[in-house]
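A structural walkthrough
Spelled out from the first residue to the last, the chains are:
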Amino acid sequence: MSEIINLPQTPGPIGIFDSGYGGLTIYSEIHRLMPQYDYMYIGDNARAPYGTRSFDVVYEFTRQAVNFLFRSGCHLVILACNTASAKALRNIQQLDLPGMDPSRRVLGIIRPTVESVGDVTKTRHVGVLATEGTIRSMSYPLEIKKLFPDIHVTGKACPMWASLVEADEHLTPGADYFVKRDVEALLAKDPMIDTIILGCTHYPMLLERVRQFVPENIQLLTQGEAVATSLQDYLSRHTSLEQRCTKGGTTIFYTTESDERFREQASRFLRQPVYTNKITLI
Ligand code: DGL
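An account of the accompanying structure is given in this report. (Residues numbered from 1 in each chain as written. Predicted model: local features only at pLDDT ≥ 70, side-chain atom pairs only at ≥ 80, totals over all residues. Heavy atoms only, no water.)

Structural notes on the environment of His-170
- Inspection of the secondary structure assignment puts His-170 in the loop between helix H8 (161-166) and helix H9 (173-189).
- Overall, the relative accessible area of 9% leaves His-170 in the buried class.
- As for His-170 and Ser-28, which are separated by 142 residues in sequence, their C-alpha atoms are 19 Å apart.
- Those residues in contact with His-170, other than ones at most four positions away along the chain, are Leu-164, Val-165, Ala-175, Met-205, Leu-206 and Arg-209. (Helix = DSSP H or I, 4+ residues; strand = E, 2+ residues; numbered from the N terminus. Buried < 20%, exposed > 50% of the residue type's maximum accessible area, 1.4 Å probe, protein only. Contact = heavy atoms within 4.5 Å.)

Encoded structure:
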């Protein structure tokens, strides 16, 4: 992507990218707060989950998606995926953007999530449930330490959860087995935890299942609201970028898997019919 390519200079939609369906939990909050903009969503369902993939592969897949969104007219892209934010964001910002168009922006979702945690935890013991890639990257403990050095962070990878959502098996008794196992393992590591970050955008789709196994005094933090508020604030401070985001209130959804399946699952989650196109990312 670092090669010079001719990107459209006219204003365009805001790009939102995830490995699959998870980014819809971020898109829905962004759209609820800012329905005036046009959006373009990519779910790389054919290659999901990303959580167990290597740094290089996640970087390459994310680069391809960002490239597609830029070529399609986006000036601003949100990586609505923690794994991509943890493993690809920095390289894209530092190695790729300068050679393409330094005025375009790619933003992740870990920082805005972390910013919201300081006010929530009382015990200053926070748990993070996320993909293997996100947990191994140590992005959450590192980012939290920068802002709130007094907070103790414990992570637990949940290798099955995103796959269960992708396979539409997340509301089954089979899913409960994995959810219970991983939640209990996290709480056994640190019984002082009073706040759990659901650090994968697929996990809000499992929220009710997670709630059953988490004691009531523990807060479950999802990311959508914090990301949407932070984006609104970002756009208000970056007016020249904001002016390059079109305001027609439309959304185009792209998937790398079956468009019919995406249409069905996304329409069910968003509670409205969505129009979907199949693409190939290269
Ligand atoms: N939804 C993504 C995240 O937030 C990735 C899940 C996956 O593909 O493993 O990490």
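Focus on the packing of aromatic side chains
- The final tally for this structure, using the stated rule, is twelve aromatic pairs.
- Taking the centre distance of 6.5 Å and the plane angle of 75° together, the rings of Tyr-27 and Tyr-41 count as edge-to-face. With Tyr-27 in helix H1 (residues 24-33) and Tyr-41 in strand S2 (residues 39-43), this pair connects stretches of sequence that are 14 residues apart. Like Tyr-27, the residue Tyr-41 is buried in the burial classification. (Phe/Tyr/Trp six-rings, centres within 6.5 Å; stacked < 30°, edge-to-face > 60°.)

Notes on the site of the ligand
- Residues in close proximity to the ligand total 13 residues, the closest being Ser-19, Tyr-50, Gly-51, Thr-83 and His-202.
- Between the ligand and Asn-82, the relevant distance is 2.8 Å, taken from an oxygen atom to a main-chain nitrogen or oxygen of the residue.
- At a separation of 2.7 Å, a nitrogen atom of the ligand approaches a polar side-chain atom of His-202.
- Here the ligand, which alone exposes 300 Å², has 99% of that area covered by the protein.
- Assessed atom by atom at 2 Å from the grid points, the ligand resides in the largest cavity. (Near = heavy atom within 4 Å. Polar contact = N/O pair within 3.5 Å; in protein donor to acceptor, adjacent residues only side chain to side chain. Areas by Shrake-Rupley, 256 points an atom, 1.4 Å probe, with all protein chains shown as cover. 1 Å grid on protein atoms, 1.4 Å probe; cavity = no way out; pocket = protein on both sides within 12 Å on 5 of 7 lines; lining within 4 Å. Sits in = over half its atoms within 2 Å of the grid points.)

As for the nonpolar core
- Leu-24, Ile-30, Leu-76, Leu-129, Trp-161, Val-183 and Ile-196 are the most contacted members of the largest nonpolar core, which has 51 residues in total.
- It is H9 that contributes the most residues to this core, six residues altogether.
- In this structure Ile-196 touches Gly-127, Leu-129, Leu-186, Leu-187, Val-214, Ile-218, Gln-219, Leu-220 and Leu-221, once residues within four positions along its chain are discounted.
- Core analysis: the next-biggest nonpolar cluster, separate from the first, contains 26 residues, Val-77, Leu-97, Ile-279 and Leu-281 among them. (Core = buried A, V, L, I, M, F, W, Y, C linked by side-chain atoms within 4.5 Å.)

Looking at the sheet that holds strand S6 (residues 152-157)
- Taken together, the four strands give an open sheet; going across it, the order is S6-S5-S7-S8, and neighbouring strands pair in parallel fashion. At either end of the open sheet lies a strand with only one pairing partner, and these are S6 and strand S8 (219-221). Along the sheet, successive strands turn relative to each other by an average axial angle of 25°, direction set aside.
- Across six bridges, the pairing between strand S5 (residues 125-130) and S6 is parallel. Within the sheet, the bridge partner assigned to Ala-130 lies in S6 and is Ala-157.
- Along the sheet, helix H5 (residues 110-117) makes contact with S5, strand S7 (195-198) and S8, crossing S7 at roughly 165°. (Pairing = 2+ DSSP bridges. Axes fitted to C-alpha atoms, helices over the stretch in contact; angles between N-to-C directions.)

Observations regarding empty space enclosed by the protein
- The tally for this structure, following the rule as stated, stands at two cavities of 30 Å³ or more.
- In this model, the largest cavity occupies a volume close to 80 Å³.
- Of all elements in the fold, only helix H3 (82-87) and H8 reach the threshold of two or more residues within the lining of the largest cavity.
- Of the pockets and cavities examined, the second largest cavity occupies roughly 60 Å³.
- Lining the second largest cavity are Pro-49, Gly-51, Thr-52, Thr-131, Glu-132, Cys-158, Pro-159 and Ala-162.
- Partitioned by chemical class, the residues of the lining of the second largest cavity number four nonpolar, three polar and one charged. (Points joined across faces, edges and corners; volume = space filled by probe spheres on them. Nonpolar A, V, L, I, M, F, W, Y, C, P; charged D, E, K, R; others polar.)

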